[in-house]
Each structure stands twice: as C-alpha cells, then as structure tokens.
Amino acid sequence: MYRRKMRGMYISKRALRKHFDPRNYPRETYLLCELQWRGSHKSWQHWLRNDDSKDCHAEKYFLEEIFEPRSYNICDMTWYLSWSPCGECCDIIQDFLEEQPNVNINIRIARLYYADRASNRRGLMELANSPGVSIEIMDADDYNDCWETFIQPGVYYRFSPENFESAIRRNCSQLEDILQGLHL
DNA sequence: ATTTTCAAT
C-alpha cells in the first residue's frame, strides 16, 4: 500500500530535539506526517527531510513522492514541520489540495522560515485561508502528540516545553500577524 | 545577542 521510501516511521529523540526545538536553527527541514483515511481504524506515519541532492523541499517531496492518493473517503493528515513552508511550497500544497479535495491537512510548525520575506508571508496567509487547511505553531500538546506518535515505543523521552515556551509565544504572535496579512 | 533559517544575489 504505502511505499516506505527514504525514511520510516519512528525517529530518534535526538533528531526530534534538534529539529523541533524552536531555539535551534537547523539547516534542514523535517516533515513528520500522520494520516488516517476515514472509515479505517489504522493510521499511517512517515517522516522525511528535504532532499538536498534534488534541491527538493520536504513538503514537495512528500506530496509528489510519498503520498498515494485514493479517490474514495476523506483523508485527515497532520504534518509536524520543523520549518514553515516557503511561499512556493504553500502554492504546491494549495494546488495539491485542489486536485485532492478529499484531503485535509493540519499543519503544525516549530518555527517560521524567513518570516520577513513577503512571498513566504503571503503564501502562508493564502494557504491558511484554503479549504481543508489549518496552520498553527506547535504548542505543548502538539509536542506531546508528536513525540508519542514518532518515538519508538519503549524509548523513554520526557518533553519539557517550559524550556522554550517564550520561543513558542513569539512564533505564535508572529504567525498571527502573518495570517492577518500584516506587513505584506 | 531580540543570532542563526529547505535561499539564490
């Protein structure tokens, strides 16, 4: 059914710590996806990072190479993204959703990618206003959900978001401004 | 450092 290309389902806590702590500024982007087709009890998880060799952002890579559409039932996806999508990826996601109107994407992001660039701000605002899309900064519940889903059972990890609550708050207010179309 | 970024000039 789904190919497991490039990466698998579980991720190391080391990688999660590095890439989803908003106080870090890593030079790669991680996309963790959990999806469920309505009517099915099983969910499916997959994670990947951007492909430097192909100069391909993580979002484009996931939608073009990993996701396998079905013409029936509704698909609910949650994405945990370490960087927010750039303007171009926002357009790609929007086009994808127009072609796949049975898919919903709930996007949770750890930090904002070049938030001072008008093209990125505009992309996020337009994407957030598309049907089937929600975009939010990851809060403590998101971190816990993400950890529970993507860390292998039996691996001990305690998440302590209090260490970066101020970074989360700053990103939330910045995203709020962007989605309201301020400073475009 | 209220820096750093999947980014080229």
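Structure shown above.
Each residue is numbered by its place in its chain's sequence as written, counting from 1. The naming scheme follows written order: chains are lettered A onward, ligands numbered 1 onward. The predicted nature of this model means local features are confined to residues of pLDDT at least 70 and side-chain atom pairs, given and counted, to a pLDDT of 80 or more, with totals for whole chains, interfaces and linings taken over all residues. With hydrogens and water stripped out, all remaining heavy atoms of the structure feed into the side-chain values.

> Please set out the overall build of chain A residue by residue, giving values where relevant.
Segments assigned H or I by DSSP are reported as helices when at least four residues long, segments assigned E as strands when at least two residues long, and all are numbered from the N terminus. When its secondary structure is counted, chain A shows six helices and five strands. Sequence-ordered secondary structure for chain A, helices as α and strands as β, is α-β-β-α-β-α-β-α-β-α-α. Dimensions of chain A, computed from C-alpha atoms along their principal axes, come out at roughly 45 × 40 × 35 Å. Type-normalised accessible area, obtained with a 1.4 Å probe on protein chains alone, sets the label of each residue: buried when under 20%, exposed when over 50%, and partly exposed for intermediate values. Within the span of chain A, comprising 184 residues, buried residues form 48% of the whole. Any pair of residues with heavy atoms lying within 4.5 Å of one another is described as a contacting pair. The long-range share in chain A, meaning contacts at least 24 apart out of those at least 6 apart in sequence, stands at 75%. Reported accessibility uses the Shrake-Rupley method at a 1.4 Å probe radius. Residues are deemed covered only where the shown protein chains occlude them. Accessible area of chain A: about 9,900 Å², with a carbon and sulfur share of 43%. Positive charges come from Lys and Arg, negative ones from Asp and Glu, while His and the chain ends are left out of the count. We put the charge of a Lys on NZ, of an Arg on CZ, of an Asp on CG and of a Glu on CD. Within chain A, one finds 24 positive and 28 negative side-chain charges whose respective centroids are separated by 7 Å.

> Quick one: what's the story with the environment of Ile-93, residue by residue and with numbers?
One can find Ile-93 in helix H3 (residues 87-99). Put simply, Ile-93 and Lys-60 are 33 residues apart on the chain and 7.8 Å apart in space, counted from C-alpha to C-alpha. Beyond its immediate sequence surroundings of up to four residues, Ile-93 is in contact with Glu-59, Leu-63, Trp-79, Pro-85, Ile-105, Ile-107 and Leu-127.

> Residue-level account of the side chain of Arg-108, with values.
Along the polypeptide, Arg-108 turns up in strand E4 (residues 103-109). In protein, a polar contact requires one atom able to donate a hydrogen and another able to accept it; more generally it is a pair of N or O atoms within 3.5 Å, and residues adjacent in sequence count only if both atoms are side-chain atoms. Within polar-contact distance, the side chain of Arg-108 engages the side chain of Asn-106 at 2.8 Å.

> Describe the packing of aromatic side chains, and please don't skip the residues or the numbers.
In this scheme Phe, Tyr and Trp rings, the latter by its six-membered ring, pair at centre separations within 6.5 Å, and the angle between planes marks the pair as stacked below 30 degrees, edge-to-face above 60, and tilted otherwise. By the definition in use, this model includes eleven aromatic pairs. Seen from their ring centres, Phe-67 and Phe-96 are 5.3 Å apart, and the 85° between their planes marks the pair as edge-to-face. Of the two residues, Phe-67 sits in the loop between helix H2 (58-66) and strand E3 (75-81) while Phe-96 sits in helix H3, which places them 29 residues apart along the sequence. Neither Phe-67 nor Phe-96 differs from the other in exposure class; each is buried. Judged by centre distance (5.2 Å) and plane angle (70°), the ring pair of Tyr-143 and Phe-164 falls under edge-to-face. With a gap of 21 residues between them, Tyr-143 in helix H5 (residues 140-150) and Phe-164 in the loop between H5 and helix H6 (165-179) connect regions that are remote in the sequence. Note on Tyr-143: relative accessible area 0%, which makes it buried.

> Kindly report on a negative patch on the surface, identifying the contributing residues and their values.
In this scheme, patches are assembled from residues that exceed 30% relative accessible area and form no salt bridge. Like charges are connected within 9 Å, while nonpolar side chains (Val, Leu, Ile, Met, Phe, Trp, Tyr) are connected within 5 Å. Salt bridges are defined by distance alone: a side-chain nitrogen of Lys or Arg within 4 Å of a carboxyl oxygen of Asp or Glu. A cluster of like negative charges, contributed by Glu-88, Asp-91, Asp-95, Glu-98, Glu-99 and Glu-126, occupies part of the molecular surface. Top element by residues in the negative patch is H3. It accounts for five residues. Looking at where Glu-88 falls in the secondary structure, it is placed in helix H3. Accessibility expressed as a relative area gives 57% for Glu-88, which makes it exposed.

> I'd like to hear about the protein's contact with DNA strand B, residue by residue, with values.
Taken together, 19 residues form the shell around DNA strand B, and within it Tyr-25, His-57, Glu-59, Trp-83 and Tyr-114 come nearest. Here, proximity means that at least one heavy atom of the residue falls within 4 Å of the molecule or strand. Backbone atoms, meaning sugar plus phosphate, form 33% of the atoms of DNA strand B positioned within 4 Å of the protein. Between Arg-23 and DNA strand B, the recorded distance is 3.3 Å, taken from a backbone N or O atom to a base oxygen.

> So what about the environment of Arg-70? Which residues, and what values?
Here Arg-70 lies in the loop between H2 and E3. Here the alpha-carbon distance between Arg-70 and Pro-131, two residues 61 residues apart in the chain, equals 19 Å.

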